[in-house]
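Tertiary structure, described
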Amino acid sequence: MEDRFENIRAFLAACDELISGSFVFAEKKIPEVLRAVARSKDLCELFSAVTSSFDYPAAKRYYLRTDESGRGKAYLPAERTEVLAFVFCILVEIDEGKLRLNEFLLRYFYVDGSYTASYSLFAERLLRPFREIVFECFPASGKRGQIARAQEQRDERIATLAGLIAEERARIAQAGFADADKEAGDLILSAAYSAAARKDVPSIEALFTGYAYFLHVVGGDCERSNNMFAFLEKL
């Protein structure tokens with residue numbers, strides 16, 4: 001039972017990283033989501049069931065609509081099982097290289113020609129509903145409650161980390177560094193604090209890598225900053 005729960009949790013975590021992440025890393029994160037499905041008997045059975053009689057080519061023609069200019073818009077099916085099948089098939093096609101993510105985004109989720117903004121729209125309109133429906137598929141035998149509690153605990157740890165980041169910003173502001181160094185450090189910490197507010201752990205990790213280098217350069221390492229780095233590893 002614990003292994004089953006862990007596999008579902010791993011899938012949800014992979015979805016969270018894909019949703020909160022950026023376009024740049026999306027094509028590397030999509031295979032992680034699919035591998036998480038493959039590792040879970042429950043999820044394999046779920047997606048096998050919803051795709052067994054799903055007409056994906058017909059769904060693409062109906063839900064991915066393009067106007068005369070070549071610009072399009074994506075829609076979600078009304079049925080929850082079809083949402084799962086539709087989004088899952090899209091992810092598989094992207095993973096297999098049959099669907100180019102950059103072209104797909106600019107055609108159906110176009111936002112000012114920006115891959116970043118278009119990807120954010122794609123994540124909110126397709127990926128998040130997909131993730132939430134899977135989450136809702138496991139209320140029986142307490143799995144949903146276990147997953148919810150695990151997520152609550154993770155959110156609490158992120159909130160604690162945000163507090164540590166705020167304390168570190170205050171420390172840097174009062175340190176005897178050059179003004180330019182203080183501004184550079186605060187810029188990184190400010191971005192990390194914003195990422196914590198979004199619960200975007202991959203971005204926090206990337207920013208902390210830069211901040212560790214910053215502290216090394218300015219000689220600002222201390223026990224407090226080391227504790228902050230150590231806490232990130234608990235997420």
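Counting restarts for each chain: residues are numbered from 1 in the order of the written sequence. With pLDDT at 70 or above as the cut-off, local features in this predicted model cover only qualifying residues; side-chain atom pairs require 80 or more to be listed or tallied, and sums for whole chains, interfaces and linings still use all residues. For the side-chain quantities, the full set of heavy atoms in the structure was used; hydrogens and water were omitted.

Notes on the pattern of salt bridges
What counts is decided by this rule: The term salt bridge refers to a pairing of a side-chain nitrogen on Lys or Arg with a carboxyl oxygen on Asp or Glu at a separation within 4 Å. Secondary structure elements are taken from DSSP: a helix is a run of H or I of four residues or more, a strand is a run of E of two residues or more, and numbering for both begins at the N terminus. Partly exposed residues are those whose accessible area sits between 20% and 50% of the maximum for their type, while under 20% is buried and over 50% is exposed, using a 1.4 Å probe and protein chains only.
Taken as a whole and judged by the stated rule, the model has 14 salt bridges. One salt bridge in this structure joins R100 and E103, with 3.3 Å as the shortest N-O distance. R171 is paired through a salt bridge with E168; the nearest N and O atoms lie 2.7 Å apart. Pair noted here: R171 and E168 are both in helix α8 (residues 143-174), with a separation of three residues, about one helical turn. According to the relative accessible area criterion, E168 is buried, its value standing at 0%.

Here we look at the environment of R198
Worth spelling out the cut-off: Polar contacts, as used here, are pairs of N or O atoms within 3.5 Å; protein pairs need one atom able to donate a hydrogen and one able to accept it. Residues neighboring in sequence count only if both atoms are side-chain atoms.
Here R198 is to be found in the loop between α9 (179-197) and α10 (201-218). Spatially, the C-alpha atoms of R198 and I158 are 9.6 Å apart, while their sequence positions differ by 40 residues. A polar atom in the side chain of R198 sits 3.3 Å from the side chain of D200.

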